[in-house]
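# Commentary on secondary and tertiary structure
Each chain is listed here by its residues.
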Amino acid sequence: MQKITEELITWYQDNKRDLPWRHTKNPYYIWISEIMLQQTRVEAVKEYYTRFIKQLPTLKDLAEVNEDKLLKLWEGLGYYSRVRNMQKTAKKLIESGKDNLPNTKDELLSLPGIGEYTAGAILSIAFDIPTIAIDGNVYRVIGRVYEIEDSISKSSTYKVYSKILEKLLPKENASDFTQSFMDVGSLICTPKNPKCESCPLNKKCGSYKKNTQENYPVKEKKKEQKIEEHIVYLYTYKDKYAIQKRKETGLLASLYEFPNTLESFSLTDIENDLMDKNISYKSVLEIGEAKHVFSHKIWYMRGYLIELEKPLEGFIWATKKELQNKYSIPSAFSYFYEYILK
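Thresholds applied
Residues numbered from 1 in each chain as written. Predicted model: local features only at pLDDT ≥ 70, side-chain atom pairs only at ≥ 80, totals over all residues. Heavy atoms only, no water. Axes fitted to C-alpha atoms, helices over the stretch in contact; angles between N-to-C directions. Helix = DSSP H or I, 4+ residues; strand = E, 2+ residues; numbered from the N terminus. Parallel < 35°, antiparallel > 145°, perpendicular 65-115°, else oblique. Left-handed = near helix turned anticlockwise from the far one by under 90°. Contact = heavy atoms within 4.5 Å. Nonpolar A, V, L, I, M, F, W, Y, C, P; charged D, E, K, R; others polar. Buried < 20%, exposed > 50% of the residue type's maximum accessible area, 1.4 Å probe, protein only. Pairing = 2+ DSSP bridges. 1 Å grid on protein atoms, 1.4 Å probe; cavity = no way out; pocket = protein on both sides within 12 Å on 5 of 7 lines; lining within 4 Å. Points joined across faces, edges and corners; volume = space filled by probe spheres on them. Salt bridge = Lys/Arg side-chain N within 4 Å of Asp/Glu carboxyl O. Polar contact = N/O pair within 3.5 Å; in protein donor to acceptor, adjacent residues only side chain to side chain.

What follows is about the packing of helix H2 (residues 27-37) against helix H3 (residues 42-55). H3 packs onto H2 with a crossing angle of 140 degrees between their chain directions and a minimal axis gap of 10 Å. One element, H2, and the other, H3, form an angle in the oblique class. The crossing of H2 and H3 is right-handed. Where H2 abuts H3, its residues Tyr28, Tyr29, Ile32, Ser33, Met36 and Leu37 lie against Val42, Val45, Tyr48, Tyr49, Phe52 and Ile53.

Right under this line is the structure:
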């Protein structure tokens, strides 16, 4: 086990990626990067991270920023509850007299949105305190090396991986150890077609010897996602577009969206509906279809650009510039958002 630890750290020190959050030990910045990296590609995070810390360079800035501006900074990363929890944490810490994140696991776990992995990552990377941090990369690397048959879908399996990782955990270089899994998992031990010949652990990897890499980590089959069909209405009047704010709870809470209905209409249906509601319009144009996959459902959307004779009440009417700089439109509507910008 000591040899595996040495191999990982040596490989990381020789091959680590040059990433903006690796140029700091500021716990606040490390925390931001870790939350952003959850279920988002590293390349995509770079730009978001740089913009975020430029706009909100301190914990106090995050605590005090207007929610609309905060959500706009997060636009496109998805899972907006994460950034809301970040602000809750910032407010809680500032109110208690702190200007950065604490360096104990118990304190970190008491904060909104910080779980076992994030706490471990902050402690090991920012403070260099030996702490395990188990994410998808760790499950994949360790699962393949040790051929662990327990399904990671079960909470009990976390203990199986924890015991192994605690034995591998070095007394020094905790930061490099934690980050070595990130780079090995992203660059070499990938979910599909892993580059095993380049892996520092290939001589010790049970699944590599048996060519069973893609069997690990073991997962239970996902439940089928619910499918919904939506019509998206791009109402426009004098170079402004109608948007509305979603409810404060539930899917995409408090974000702005284009008006939409859980239905499937043709262009003729849309025109008839407008006439039935006495809505005066100049033209209706079908602008294409889009698909967005959530964790538990899939949206199939068809959009219509509707130029109105006069604005409808009950909506916010925003210019292109305001859509770009002020209102946070979730990525579910990115096809229609980009259509407007073009």
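Packed helices, taken two at a time, are described by the angle their axes make and the gap between the axes. Two elements in contact, H2 and helix H8 (residues 116-126), have axes whose closest approach is 10 Å; the angle formed by their N-to-C orientations is 140 degrees. One element, H2, and the other, H8, form an angle in the oblique class. Here H2 and H8 pass one another in a crossing that is right-handed. Residues Pro27, Ile30, Trp31, Glu34 and Ile35 of H2 form the contact with H8, whose participating residues are Tyr117, Thr118, Ala121, Ile122, Ile125 and Ala126. Tallied by class, the residues present in the contact of H2 with H8 amount to 9 nonpolar, 1 polar and 1 charged.

What follows deals with the pairing of strand S6 (residues 297-308). Counting buried positions along S6 gives 9 out of 12 residues, so the element sits mostly inside the fold. Pairing of strand S5 (residues 281-293) with S6 involves 11 bridges; the strand directions are antiparallel. From the neighbouring strand, Val284 faces S6, where its bridge partner is Ile306.

Inspection of every chain in the model, using the stated rule, returns 1 cavity of 30 Å³ or more. If you trace the largest cavity, you find 13 residues lining it, with Arg144, Cys189, Cys196, Cys199 and Cys205 closest to the centre. If one sorts the elements of the lining of the largest cavity by residue count, helix H9 (residues 136-146) sits on top with 3 residues. Each residue belonging to the lining of the largest cavity can be placed in one class, and the counts come to 10 nonpolar, 2 polar and 1 charged.

Turning to the pattern of salt bridges, a few remarks are in order. Across all of its chains, the model carries 20 salt bridges by this definition. The partner of Lys46 in a salt bridge is Glu43, with the nearest N and O atoms 3.2 Å apart. Highlighted residues: Lys46 and Glu43, both in helix H3, separated by 3 residues, approximately one helical turn. Given the relative accessible area of 25%, Lys46 is considered partly exposed. Looking at Glu43, the relative accessible area reads 53%, which means it is exposed. Salt-bridge contacts for Arg51 lead to Glu47; the nearest nitrogen and oxygen are separated by 3.7 Å. With a gap of 4 residues between them, Arg51 and Glu47 both fall in helix H3, about one helical turn apart.

On to helix H5 (residues 67-74). Side chains that are three or four residues apart share a direction in an α-helix, a result of its 3.6 residues per turn. All of the buried residues in H5 are Leu70, Leu71, Lys72, Leu73 and Trp74. For H5, the elements touching its buried residues are H2, H3, helix H4 (59-64), helix H6 (80-95), helix H14 (320-325) and helix H15 (334-341). The N-cap residue of H5 is Asn66: its side-chain oxygen and the backbone nitrogen of Asp68 are 2.8 Å apart. Phi turns positive, to about 100 degrees, at Gly76, one or two residues after H5.

Attention now moves to the environment of Glu147. Its place among the elements puts Glu147 in the loop between H9 and helix H10 (157-168). For Glu147 and Gln213, which are 66 residues apart along the polypeptide, the C-alpha to C-alpha distance reads 8.7 Å. When sequence neighbours within four positions are dropped, the list of residues in contact with Glu147 reads Ile142, Gly206, Ser207, Lys210, Thr212 and Tyr216.

Before going further, it helps to examine the layout of surface pockets. Considered as a void within the structure, the largest pocket measures approximately 890 Å³ in volume. Together, 30 residues line the largest pocket, and Leu37, Gln38, Gln39, Thr40 and Gly136 are the ones closest to its centre. If you list the elements that add at least two residues to the lining of the largest pocket, you get H2, H9 and helix H11 (174-187). By residue class, the composition of the lining of the largest pocket is 9 nonpolar, 10 polar and 11 charged. Its volume calculated, the second largest pocket comes out at about 500 Å³. Among the elements of the structure, H6 and S5 are those that each provide at least two residues to the lining of the second largest pocket. Considering every element that reaches the lining of the second largest pocket, the biggest residue donor is H6, with 3 residues. Grouping the amino acids of the lining of the second largest pocket by side-chain chemistry returns 10 nonpolar, 10 polar and 1 charged.

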